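Spelled out from the first residue to the last, the chains are:
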Amino acid sequence: MICFNMRTLPVSFLLLLSVWSVCEWADSRKIRQKRAWIIDSFSIEEEHPGPFPYILGKVSIDTFYLLNFKLQGQGVDEKPKNILSIKDTGEIIVHGKVDYEKDPKVLFLNFEAINISTHKPNTRLGLDIKILDINDNAPEFQKSVYEVTVDESHAQGKDVLTVQATDADDSETNNGTFSFTIKSVIPKTDNVEFYIQQKNQTGTIYFKGCLDSEKAQKYTVLVEAKDKGEKIQLSSTSTVIINISDNNNNLPEFFGKTGPGRVKEREAGVEVLRLQVTDRDVRGSKAWKAKYIIYGDKKEIFKIETDPVTNEGILTVVKPMDYEEQTYQNLSISVQNEIPYYSCKIQRKVPNAAWELDQIAPNSDKSVTHLYNSIPVTIYVEDVNDPPVFIPPVKHFAVTENIDVGTSLTTFTAKDMDGSYANTFTFIKGEDIDGWITVDAKTGHVSTAKILDRESPFVLDDTYTVKLYAVDEGVPPMTGTGTLVIHLIDQNDNVPILEVNTVSICQHKEPTMVNITAVDLDFPPYGSPFYYELLGDVKDKWRLEPDHGTTVGLVKEDKVSSGHHVLQIKISDQQGLYSIQNLTVKVCDCSLTPKCHGKMVSNARMGSVAIWMLVLSVLTAMCFMSLLITCKTEKDMTPVVVDGEGSSNLMNTNTERPGTDCSVIYKGQQAVSQDPPPVYSDQQFSDQQFSQSIYKKLLALQTCDDQHVIYKPHCYADEGQPMDNGELDAISIPEDDFQSEMLRNLDSKFSKLATISRPDLMRR
């Protein structure tokens, strides 16, 4: 029989289970049953204060054998180790504290009773020791501080924030069960009441009433989580910070004295009034910034803007006002904010329920226009001197060009719209680019000051524009502006002229043609098409095909030789007004001179080759004039012998004597000398040969044959009078080069000049 002596301290015997075991005796083949006891559980309270060791309980076995007891398992040789042991008397000893939150909730052990004589187990027991929880842990919040920002228009009954806490004690006992409570709210205001609702381990904060940032911009709520321990209750707290953002729950209101505004007539862009308002919302926020609206301004004469610093309304006139039309303007100006208005007022505080409120939510369908503040404003217009007004401001007058100077055109009238000032003006001519008109200072009568020309460069689209001013005698004097637009009717006062008076045409066995074109500044029917007629001896040489039109063809017959030819052409307009034009035609063999068209120099311009030839000719002529001519003094004249082939000599001469008169005597291509030729050194002979070559070139340039045109004086225009065509007759300059051999015969000084002037020839 086994007996258990249980102590009554914290030890309790829970359950005994009996198990029958059958043992077989080998010698007698008899079977007998043996009873073994299993102890289900003892219990130990965590954090037992001791003193240690103490007896948990005793196991007694009713047997006649001597036994030893053995205990194994958790709390002995398994974690938590060295907490339990057993004596030979069967007493279970506790040696230290156990922790419910850290150690196993139940310690599983094996108990054996061993026969001392046989050293065999006599009894085996399964022993369970349960650890009992005590309330040694307070609930713990997930955060020590929570913070949230809500708008003051946040509706009551809508969640603000949720907190969460946990308890390490046994959740199946009161030690691990807790509840939330709001311990304090700072500041305490009468417009709101916070409360918390719990669900399991979370608590959600709500409020009743109306938030108002003007009463409190921040609430600090202390939330407590407290468990339900039987012997002791443990708790912890967390701080919840609720920031209240401002909304537009205060409308701006006008304050201060707002008198009438004044503006001078015709002024625009000037400040008229400043309106002051006050708003209890947060300064600088959209709920504080004022927004002004003008009523009664159908013509949109005014505008109002908000000063971003002072929040004042700045009333400005944007369109000029006329004192003669209205002397004052009545307006109504209302003010609101940049964001919609919000309102919340407490009607009744209901216990344990939502409070009764009078609320206007933002963007609600409920009209709040009647709540906006407005004030009447009167703007007076001050009279000032008005400028004269031309009636009409623009006059159009049609007149034929070339009318006589002093012809009357029109009369301008002006009126002063300001009755406070004398209606007297002085008319002044303003913009008149070409000085066409004069104006009477008193009457405004306009007359011509010169002959009007439709073809003037100052005429645009057959019109000439003049500005006139009327100046009154007010203080300060004011000026009105009128415009006279003169429409010019064309006359046939211009003759047709050639567009280009120089053309080139190729020499050919067959007749060749080139186009010529005439222009006339007059408009039809006084202009094109034109009638062309060739004058002079042109039969079988030149003809026109056709002879009528703006552009016609000039046909050269095969009998015309190469060279420059001047033709006279009569060109008539449709009314018979004509001009006789000189046309210079260069005929050249294009097969031999393919660039003959390009060698015509128009508008009297010289090519680069001609310029170099001219410079070289002038320099050589100045240096060798004394060697090329015979010089005669006051007593006699000595001729110079010039051989056409360049083989004669120059005779001695002295050009330093005063009173020299020079002449050249020609005989065919040669000049004749009566004196014997002198003898020269090599250098003198070389210079003589170069001089003769130069002179031969000069003789060649002076020679006139059938291939050169003899230019006669031509009258282009009288002095002081404009030319009908500013283009002169073209000239051509031969491009025959001096021979390089001739240039190489120069002495050192002139060789250097030739190298600079014609390096291409000196390199040959």
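Look a little higher up for the structure.
Calculation rules
- Residues numbered from 1 in each chain as written.
- Predicted model: local features only at pLDDT ≥ 70, side-chain atom pairs only at ≥ 80, totals over all residues.
- Heavy atoms only, no water.
- Core = buried A, V, L, I, M, F, W, Y, C linked by side-chain atoms within 4.5 Å.
- Buried < 20%, exposed > 50% of the residue type's maximum accessible area, 1.4 Å probe, protein only.
- Helix = DSSP H or I, 4+ residues; strand = E, 2+ residues; numbered from the N terminus.
- Contact = heavy atoms within 4.5 Å.
- Disulfide = S-S within 2.5 Å.
- Phe/Tyr/Trp six-rings, centres within 6.5 Å; stacked < 30°, edge-to-face > 60°.
- Lys NZ or Arg CZ within 6 Å of the ring centre and 35° of its normal.
- Pairing = 2+ DSSP bridges.
- Axes fitted to C-alpha atoms, helices over the stretch in contact; angles between N-to-C directions.
- Patch = residues over 30% accessible without salt bridge, like charges linked within 9 Å, V, L, I, M, F, W, Y side chains within 5 Å.
- Areas by Shrake-Rupley, 256 points an atom, 1.4 Å probe, with all protein chains shown as cover.
- Salt bridge = Lys/Arg side-chain N within 4 Å of Asp/Glu carboxyl O.

Engineer: Explain the nonpolar core to me, please; I cannot follow it from the model alone.
Structural biologist: In summary, soluble globular proteins display a tendency toward joint burial of nonpolar side chains. In this structure, Val163, Phe180, Phe194, Tyr219, Val223, Val240 and Ile242 are the most contacted members of the largest nonpolar core, which totals 26 residues. Elements with a contribution of two residues or more to this core: strand 12 (145-151), strand 13 (161-166), strand 14 (178-186), strand 15 (192-199), strand 16 (202-209), strand 17 (218-227) and strand 18 (235-245). Residues in contact with phenylalanine 194, not counting those within four places in the same chain, are Ile182, Val185, Ile205, Tyr206, Phe207, Tyr219 and Ile242. Core analysis: the second largest hydrophobic core is formed by 24 residues, Val98, Leu125, Ile129 and Ile131 among them.

Engineer: I'm lost on the state of the cysteines in this one. Help?
Structural biologist: In a disulfide, the sulfur atoms of two cysteines are held together by a covalent bond. Inspection of every chain in the model, using the stated rule, returns two disulfides. Here cysteine 210 is linked by a disulfide to cysteine 344, with a sulfur-sulfur distance of 1.9 Å. Handedness of the cysteine 210-cysteine 344 disulfide follows from its S-S torsion of about -60 degrees: it is left-handed. One end of the pair, cysteine 210, is in the loop between strand 16 and strand 17; the other, cysteine 344, is in strand 27 (residues 343-348), and 134 residues separate them in sequence. Pair check on accessibility: cysteine 210 and cysteine 344 agree, each one buried. Between the sulfur atoms of cysteine 506 and its disulfide mate cysteine 590 the distance is 1.8 Å. Of note, the bridge from cysteine 506 to cysteine 590 carries an S-S torsion of about -85 degrees and is left-handed in sense. Note that cysteine 506 is positioned in strand 40 (residues 502-506) and cysteine 590 in the loop between strand 47 (578-588) and helix 1 (608-628), a separation of 84 residues in sequence.

Engineer: Where do I start with unusual backbone geometry in this structure?
Structural biologist: Working note: non-glycine residues mostly have negative phi, and peptide bonds are mostly trans. Put simply, phenylalanine 52 and proline 53 share a cis peptide bond, and its omega is -10 degrees. Its place among the elements puts proline 53 in the loop between strand 4 (42-45) and strand 5 (54-61). Cis geometry is found at the peptide bond from serine 528 to proline 529, where omega equals 0 degrees. Examined against the element boundaries, proline 529 turns out to sit in the loop between strand 41 (512-519) and strand 42 (530-535).

Engineer: For this particular structure, what's the right way to read the packing of aromatic side chains?
Structural biologist: One pair of aromatic rings is described through two measures. These are the centre distance and the angle between the planes. Under the definition given, this model contains eleven aromatic pairs. For the pair phenylalanine 141 and phenylalanine 180, a centre-to-centre distance of 5.8 Å together with 50 degrees between the ring planes defines the contact as tilted. Here phenylalanine 180 lies in strand 14 and phenylalanine 141 lies in strand 11 (residues 140-141), a separation of 39 residues in the sequence. On the basis of relative accessibility, which here comes to 9%, the residue phenylalanine 141 falls in the buried class. Between tyrosine 195 and tyrosine 206 the ring centres are 5.5 Å apart and the planes differ by 20 degrees, which places this aromatic pair in the stacked class. Of this pair, tyrosine 195 sits in strand 15 while tyrosine 206 sits in strand 16; the two residues are eleven residues apart in sequence, bridging distant segments of the chain. Accessibility expressed as a relative area gives 16% for tyrosine 206, which makes it buried. Following the ring pairs from residue to residue traces out a cluster consisting of Phe141, Phe178 and Phe180. A cation over an aromatic ring shows up here: lysine 208 above the ring of tyrosine 195, its NZ or CZ 5.7 Å from the ring centre. Over the ring of tyrosine 578 we find lysine 570; its NZ or CZ atom is 4.2 Å from the centre of that ring.

Engineer: Would you explain the pairing of strand 20 (residues 261-264) in this entry?
Structural biologist: As a general feature of sheets, a regular strand has side chains that alternate between the two faces. Only one face of strand 20 is buried: it carries Gly261 and Val263, and the other face, with Arg262 and Lys264, is open. Sheet analysis places strand 20 next to strand 29 (residues 373-382), joined by four bridges and oriented parallel. The residue bridging valine 263 from the neighbouring strand is valine 381, located in strand 29.

Engineer: I'm lost on the environment of aspartate 404 in this one. Help?
Structural biologist: With respect to the helices and strands, aspartate 404 occurs in the loop between strand 31 (394-400) and strand 32 (408-411). Note on aspartate 404: relative accessible area 60%, which makes it exposed. Counting along the chain gives 44 residues from aspartate 404 to threonine 448, while the straight-line C-alpha distance between them is 7.7 Å.

Engineer: Help me understand the sheet that holds strand 26 (residues 328-337) in this model?
Structural biologist: Adjacent strands of a sheet form backbone hydrogen bonds with each other and so pair up, either parallel or antiparallel. Taken in spatial order, the four strands make up an open sheet running 20-29-26-23, and their pairing is mixed. The open sheet has two edge strands with one neighbour each: strand 20 and strand 23 (290-295). Each strand axis lies, on average, 30 degrees off the axis of its neighbour in the sheet, ignoring direction.

Engineer: I keep staring at the sheet that holds strand 13 and nothing clicks. Help me out?
Structural biologist: Taken together, four strands build an open sheet; the order of strands is 11-13-16-15 and the sheet is antiparallel. Strand pairing shows two members of the sheet lacking a second neighbour, strand 11 and strand 15, which therefore form its edges. As defined by bridge partners, strand 13 adjoins strand 16 across four bridges and the pair is classed as antiparallel. For glutamine 164, the partnering residue across the bridge sits in strand 16 and is threonine 202.

Engineer: What am I meant to see in a nonpolar patch on the surface here?
Structural biologist: Together, Val389, Ile391 and Met417 line one region of the surface with nonpolar side chains, adding up to about 250 Å² of accessible area. As for its placement among the helices and strands, valine 389 is situated in strand 30 (residues 388-390).

Engineer: Explain the pairing of strand 37 (residues 463-472) here, please?
Structural biologist: Inspection of the sheet shows strand 34 (residues 425-429) paired to strand 37 by five bridges, in the antiparallel sense. By the bridge assignment for strand 37, isoleucine 428 is matched with tyrosine 469. Inspection of the sheet shows strand 37 paired to strand 38 (residues 479-489) by nine bridges, in the antiparallel sense. When the sheet's bridge partners are listed, threonine 465 is paired in strand 38 with valine 485. Once strand 37 ends, the chain turns through six residues before running back antiparallel as strand 38.

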